[in-house]
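# Descriptive structure summary
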Amino acid sequence: MYTLMQVDNLSLGRQVYEGSVYNIDSDSGPLSVLLVSLGVLMFGKSPFGLRFMPLLFTAALVALAYFFGKELFGKDGFGLLLSGLFAAGGLALTVGRLGLTFSISAFFVLLSYFFMYRFYARGVSSEKPVGTALSVLLSGLAFAFAFAVDPKTVIAGIGTLVLFVFGAVRHHRAHAYNQRKARREMSEKNAAPNISEEEMQANIDAYEEKSSALAADVAYKNRLIYLFFLVSFVLGTILVTVLSSLASYFSYVRYYEADPQIPAYGIFNLI
């Protein structure tokens, strides 16, 4: 009933009655009611219409659990096991089939973990740096949608930040290892017996050239991952939250502003 009241606030326009209550976004985030409203728009104001989108995201959550399990352990069997645990869990069997948004926020949280784990496990490829670094961007965008559905998911999403830090540390350690390897190879070549000074200098020059190339490569990768993190986790979260609040804001303006053309209450005040 509460969710349908929120949907009504979006769809009834200026049909305000005595004793009306403005219920938009006072329980979850601004995106939650918009997603549930899609089911109501397609199938009417009915239990089926109300529950369609949460159930759809519950099914998607079970499917995502399969791909996450396969990513974690590299085998289909583990993916099926993890998806089975999700399907048999309380989220799927209870609130996931009701007109509530817990399964929607859980889907986006798990999607954020999935992409961030890919960054942690695979790193950033020198052959395709942008393509592989996109995992950070996609993780942040998934987090942005989770936050817009329910801001309390920021607690569940803290682990993605931890994974990002660990992934960045692994990335820097891999660079340091490559630098040490290049220097060791140069030292072994110069330690060979009967090597001339010209050959030693050539080995040193080759090492310095390779070291510079490695440094340039890691600098470019660092710019990518930190830029993607900032754009998605910070700017993306703000943008998605503001955009998904527009419908709620204009409903509020229609309901309560004396002059809706010149509202005294801004969207950031509402958020």
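These numbers come from a predicted model, not from an experiment. (Residues numbered from 1 in each chain as written. Predicted model: local features only at pLDDT ≥ 70, side-chain atom pairs only at ≥ 80, totals over all residues. Heavy atoms only, no water.)

### Focus on unusual backbone geometry
As a reminder, the rule being used: Numbering of helices and strands runs from the N terminus; a helix is a DSSP stretch of H or I covering at least four residues, while a strand is a stretch of E covering at least two.
At N194, a residue that is not glycine, the phi angle is positive and equals roughly 60°. Relative to the helices and strands, N194 resides in the loop between α9 (158–190) and α10 (197–256).

### What about the side chain of S112?
Put simply, the rule is: Two residues form a contact once any of their heavy atoms are found within 4.5 Å.
Tracing the backbone shows S112 in helix α6 (residues 102–122). When residues no more than four places from it in sequence are discounted, the contact partners of S112 are S139, A142, F143, T160 and F233.

### As for helix α2 (residues 30–43)
Spelled out, the test is: Relative accessibility under 20% of the residue-type maximum defines a buried residue, over 50% an exposed one, and the middle range a partly exposed one, all with a 1.4 Å probe and only protein chains included.
Every buried residue belonging to α2 is among P30, L31, S32, V33, L35, V36, S37, G39 and V40, and all of these are buried. In the stretch just after α2, G44 is the one whose phi turns positive, near 85°.

### Digging into the pattern of salt bridges
Quick reminder of the rule: Salt bridges are defined by distance alone: a side-chain nitrogen of Lys or Arg within 4 Å of a carboxyl oxygen of Asp or Glu.
Summed over all chains, the structure comprises 5 salt bridges. For D76, the salt bridge is made with K70, and the minimal N-O distance between the two is 3.2 Å. Assessed through its relative accessible area of 38%, D76 is described here as partly exposed. Judged by relative accessible area, which is 36%, K70 ranks as partly exposed. In this structure, D217 and K221 form a salt bridge, with 3.1 Å as the shortest nitrogen-oxygen distance. Remark: K221 and D217 occur in helix α10; sequence separation between them is 4 residues, near one turn of the helix. According to the relative accessible area criterion, D217 is partly exposed, its value standing at 24%.

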